[in-house]
Amino acid sequence: MSTQESVRQQAGTVEASEALRLDQEKTEQLVEALNTDLAATYVLYHQLKKHHWNVEGAEFRDLHLFLGDAAEDAEEAADELAERAQALGGVPLAGGKNLEENAPVEPEGDDVYDIRTSLHNDMEMYGDIIETVRDHVELAEGLGDHATAEMLREQLVELEEHAHHIEHYLEDDTLVLE
């Protein structure tokens, strides 16, 4: 086994894939968009997991399961984004600090909040990510990368579905008596 270490590709660089036949400039724009989505998705993932771990109250079980499933979906989406960025010839962002610094969304503080506040914060983050992903679908289409656009569209449907479920959780109607 070799003990020699060598860098195969530097972080932040893009070497357009000859097989995918997208030019360098287009590929750079696409990788940047995918890395932005990757960073946002990991910030969302960690916030959802935080809420999954800390949820309490009468609706604990349903919310605990929903937040766990939503976090798993975010983790799977992040994996798809990273793999697509790599396939295009980019280097996917990695490392918690790097991901948070490059995310277009801000995580809530480290404190534990009541579940309505937590869900509201999640819904706001979902909304911000939805807007960004919509822009990136259009970007990918405009650059002729229909595969990336399709992948992002599929993720957009899931993002909107989770945001809509949170919106329902935040409605005033409830069976719980005060």
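*Asks:* Let's hear about the confidence of the model for the chain: which residues, and what values?
*Replies:* Mean pLDDT over the chain stands at 93; residues scoring 70 or higher make up 96%. Highest mean pLDDT in the chain belongs to helix 4 (residues 115-142) (98); lowest belongs to helix 3 (residues 96-102) (92).

*Asks:* Requested: an account of a negative patch on the surface, with residues and values cited.
*Replies:* Negative charge collects at one region of the surface, where Asp69, Glu72, Glu75, Glu76, Asp79, Glu80, Glu83, Glu154, Glu158 and Glu161 lie side by side. At the level of secondary structure, the elements contributing two or more residues to the negative patch comprise helix 2 (60-88) and helix 5 (146-169). Of all the elements, helix 2 adds the most residues to the negative patch, at 7 residues. Here Glu158 lies in helix 5. Given a relative accessible area of 32%, Glu158 falls into the partly exposed group.

*Asks:* Run through the packing of helix 2 against helix 4, naming residues and quoting values.
*Replies:* In contact at an axis separation of 13 Å, helix 2 and helix 4 are set at 25° when each is read in the N-to-C sense. The pairing of helix 2 with helix 4 is recorded here as roughly parallel in orientation. For the element pair helix 2 and helix 4, the recorded crossing hand is left-handed. For the pair formed by helix 2 and helix 4, the contact residues are Leu63, Leu67 and Ala70 on the first element and Ile115, Leu119, Asp122 and Tyr126 on the second. Classifying every residue of the contact of helix 2 with helix 4 gives 6 nonpolar, no polar and 1 charged.

*Asks:* Residues and numbers for the pattern of salt bridges, please.
*Replies:* A full pass over the atoms with the stated rule returns 5 salt bridges. Across the pair Arg84 and Asp145 runs a salt bridge, and its minimum N-O distance is 2.9 Å. Of the two residues, Arg84 sits in helix 2 while Asp145 sits in the loop between helix 4 and helix 5, which places them 61 residues apart along the sequence. Here Arg84 matches Asp145 in class, with each residue buried.

*Asks:* Outline unusual backbone geometry, supporting the account with residue identities and numerical values.
*Replies:* Positioned with a positive phi, Arg21 is a non-glycine residue whose angle comes to about 55°. Take Arg21: it is sitting in the segment before helix 1 (24-54).

*Asks:* How would you sum up helix 1? Please name residues and give values.
*Replies:* For helix 1, which comprises 31 residues, the first-to-last C-alpha distance of 45 Å matches the rise-based estimate of 45 Å (1.5 Å per residue) to within 8%. Capping the start of helix 1, Asp23 holds a side-chain oxygen 3.2 Å from the backbone nitrogen of Glu25, two or three residues further along.

*Asks:* Lay out the nonpolar core in plain terms, naming residues and giving numbers.
*Replies:* Formed by 45 residues in total, the largest nonpolar core has its most connected members in Leu44, Tyr126 and Ile129. The set of elements that each furnish at least two residues to this core consists of helix 1, helix 2, helix 4 and helix 5. Examining the composition of this core, we find that 11 residues originate from one element, helix 2, more than from any other. Other than its neighbours up to four places away in sequence, Tyr126 contacts Leu44, Leu48, Ala70, Leu159, His162, Ala163 and Ile166.

The rules behind these values
- Residues numbered from 1 in each chain as written.
- Predicted model: local features only at pLDDT ≥ 70, side-chain atom pairs only at ≥ 80, totals over all residues.
- Heavy atoms only, no water.
- pLDDT = per-residue confidence, 0-100.
- Helix = DSSP H or I, 4+ residues; strand = E, 2+ residues; numbered from the N terminus.
- Patch = residues over 30% accessible without salt bridge, like charges linked within 9 Å, V, L, I, M, F, W, Y side chains within 5 Å.
- Areas by Shrake-Rupley, 256 points an atom, 1.4 Å probe, with all protein chains shown as cover.
- Salt bridge = Lys/Arg side-chain N within 4 Å of Asp/Glu carboxyl O.
- Lys, Arg positive; Asp, Glu negative; His and termini not counted.
- Charge placed at Lys NZ, Arg CZ, Asp CG, Glu CD.
- Buried < 20%, exposed > 50% of the residue type's maximum accessible area, 1.4 Å probe, protein only.
- Axes fitted to C-alpha atoms, helices over the stretch in contact; angles between N-to-C directions.
- Parallel < 35°, antiparallel > 145°, perpendicular 65-115°, else oblique.
- Left-handed = near helix turned anticlockwise from the far one by under 90°.
- Contact = heavy atoms within 4.5 Å.
- Nonpolar A, V, L, I, M, F, W, Y, C, P; charged D, E, K, R; others polar.
- Expected span 1.5 Å × (residues − 1).
- Polar contact = N/O pair within 3.5 Å; in protein donor to acceptor, adjacent residues only side chain to side chain.
- Core = buried A, V, L, I, M, F, W, Y, C linked by side-chain atoms within 4.5 Å.

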